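# Results of the structural survey
Chain by chain, the residues run as shown.
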Amino acid sequence: MPESRTTPGTGSRSLISVVVPCFNEQDVLPRTYERLTAVLGHLPDCDHELVLVDDGSTDRTWDVLRDLAAHDPRVHLVRFSRNFGHQCGLLAGLREAVGDAVIMIDADLQDPPEIVPELVGRWRQGWPVVSAKRTCRQGESWSKRGSAYVFYRLLDMLADQPVARDTGDFRLLDRVVVDLVATLPERRLFLRGQISWAGFPEATVEYVRRARPAGSSKYGVRRQLSLAHRALMSCSAFPARLPVLAAGAALGAAATGSLTGHKAPQGTWALGVQFLCLGVLADYALQEYDQTRGRPSYLVRQSVPGRSAARAARTATLAQPAPARVPSGPAGPDGRAAAS
């Protein structure tokens, strides 16, 4: 169970940051702002800020955002030089947010701001990650609903660490989780997978995903396939293991045929050996990939230092600055250091 959190913030009131990536959302942004501020304004013992990220919009999104910021000092804006993508928009927002907890939500109002109090409530109970799970997807085609259903279950089956099913990026993260995730050096982002990899306890709040009240979806087939590819490559080593599985199947078929007197198809042994060699190379490539993407070897969630007198004395000694040393040149003929 998570630890109880009775005083989330440093003072008597908590600060809740809401990160909203925006791409060509001029029509819906005023309503998004109104609904978010209405909900956040009624949270007990909480202040809030809105971090709105313009992901290279080509319509009047930036003008709308500037107008909101001009009338509300709690609005913080970030503008990209071009469209870098939804995940980059979320990451930029996480890095700019300063709240004790950070909520990520899309601007299109398919994810209802009205369940934010539930997310905050679970956070106050001590959960560092609170995900919003979709029980129904209204206003979406059967093909999109079907592809999403298959995607989440395939990812859950193949991922090295469990990834919550039917949950998007609509979730709340504690400050500790934000600080860890926002500093990961990976460039090909799939934040859901990175949050799951971090391994913090996660609670779930269910909701019905509504149809968009205005505008159109920016996630076409191409973007969906790109996100699925990024998710699989980021969360699973299974693709790199495929040659080894193929080698096992080919060599197993060849060996079974030899033992039972049934001649295996021509080239089965050679094909199995080739797949095996590819699998060995893929394993080396996977190790290099793990090294270069820069994830730390471990994450420390909490530390309770020892209170012994010996430890305190050693800690005080280590904290003292080392004495300054004057660099000296090589020794001269008389044994003294030469002047530098």
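This part covers the overall build of the chain. Within the chain, the secondary structure is distributed over eleven helices and seven strands. Taking all 340 residues of the chain together, the buried fraction comes to 41%. Residue pairs in contact within the chain that sit at least 24 positions apart in sequence constitute 80% of those at least 6 positions apart. With the model as given, the accessible surface of the chain reaches about 19400 Å², and the carbon-plus-sulfur share is 56%.

For the coordinates displayed, the defined rule picks out eight salt bridges. Between Arg171 and Glu202 there is a salt bridge, and its shortest N-O distance comes to 3.7 Å. Within this pair, whereas Arg171 is found in strand β6 (residues 167-174), its partner Glu202 is found in strand β7 (residues 202-209), the two being separated by 31 residues in sequence. Accessibility expressed as a relative area gives 2% for Arg171, which makes it buried.

Further remarks concern helix α2 (residues 61-71). Structural remark: α-helix, 3.6 residues per turn; residues separated by three or four positions point the same way. By the burial criterion, the buried members of α2 are Thr61, Trp62, Val64, Leu65 and Leu68. Seen from one end, α2 has its buried residues packed into an arc of 160°, which puts them on one side. For α2, the exposed residues lying more than 90 degrees away from the buried face are Arg66, Ala70 and His71. Buried-residue contacts for α2 involve β1 (14-22), α1 (29-40), β2 (46-54) and β3 (75-79).

Turning next to helix α4 (residues 116-124). Along α4, the positions that sit buried rather than exposed are Val116, Leu119, Val120 and Trp123. Buried residues of α4, seen end-on, are gathered within an arc of 95° and therefore sit on one face of the element. Positive backbone phi, approximately 115°, marks Gly126, located one or two places after α4.

With respect to the helices, strands and loops of the structure, Arg74 is situated in the loop between α2 and β3. In this structure, the C-alpha to C-alpha distance between Arg74 and Glu49, residues 25 residues apart in sequence, is 4.8 Å. Leaving out residues up to four positions away in the same chain, Arg74 has contacts with Tyr33, His48, Glu49 and Leu50.

With that settled, the discussion passes to the packing of aromatic side chains. The full count for this structure, using the stated rule, is two aromatic pairs. Here the aromatic rings of Phe170 and Tyr207 are separated by 5.7 Å at their centres, their planes lie at 85°, and the arrangement is edge-to-face. One end of the pair, Phe170, is in strand β6; the other, Tyr207, is in strand β7, and 37 residues separate them in sequence. Assessed through its relative accessible area of 2%, Phe170 is described here as buried. The buried category is assigned to Tyr207, whose relative accessible area is 4%. A cation over a ring is seen here: Arg82 above Phe84, with NZ or CZ 3.8 Å from the ring centre.

Here we take up the confidence of the model for the chain. Overall, the predicted model of the chain reaches an average pLDDT of 78, with 67% of residues at or above 70. Here residues 6-10 scores under 50 on pLDDT; set against residues more than four positions off or in separate chains, the count is seven contacts.

Together, Val150, Leu154 and Met157 make up a nonpolar patch on the protein surface, roughly 310 Å² of accessible area in all. Checked against the element boundaries, Leu154 lands in helix α5 (residues 142-158). Take Leu154: its relative accessible area is 39%, and that puts it in the partly exposed class.

On to the environment of His48. Among the secondary structure elements, His48 is positioned in strand β2. According to the relative accessible area criterion, His48 is buried, its value standing at 8%. In this structure the C-alpha to C-alpha distance between His48 and Gly99, which are 51 residues apart in sequence, comes to 7.7 Å. Setting aside residues no more than four positions away along its own chain, His48 makes contact with Leu15, Ile16, Thr37, Leu40, Gly41 and Arg74. In this structure the side chain of His48 is engaged in a polar contact, spanning 3.3 Å, whose partner is the side chain of Arg74.

This part takes up unusual backbone geometry. Within the chain, Asp45 stands out as a residue other than glycine whose phi angle is a positive 55°. You can see Asp45 is positioned in the loop between α1 and β2. Despite not being glycine, Leu109 has its phi angle at roughly 65°, a positive value. A relative accessible area of 4% places Leu109 in the buried class.

Criteria and thresholds
Residues numbered from 1 in each chain as written. Predicted model: local features only at pLDDT ≥ 70, side-chain atom pairs only at ≥ 80, totals over all residues. Heavy atoms only, no water. Helix = DSSP H or I, 4+ residues; strand = E, 2+ residues; numbered from the N terminus. Buried < 20%, exposed > 50% of the residue type's maximum accessible area, 1.4 Å probe, protein only. Contact = heavy atoms within 4.5 Å. Areas by Shrake-Rupley, 256 points an atom, 1.4 Å probe, with all protein chains shown as cover. Salt bridge = Lys/Arg side-chain N within 4 Å of Asp/Glu carboxyl O. Arc of directions from axis to C-beta. Phe/Tyr/Trp six-rings, centres within 6.5 Å; stacked < 30°, edge-to-face > 60°. Lys NZ or Arg CZ within 6 Å of the ring centre and 35° of its normal. pLDDT = per-residue confidence, 0-100. Patch = residues over 30% accessible without salt bridge, like charges linked within 9 Å, V, L, I, M, F, W, Y side chains within 5 Å. Polar contact = N/O pair within 3.5 Å; in protein donor to acceptor, adjacent residues only side chain to side chain.

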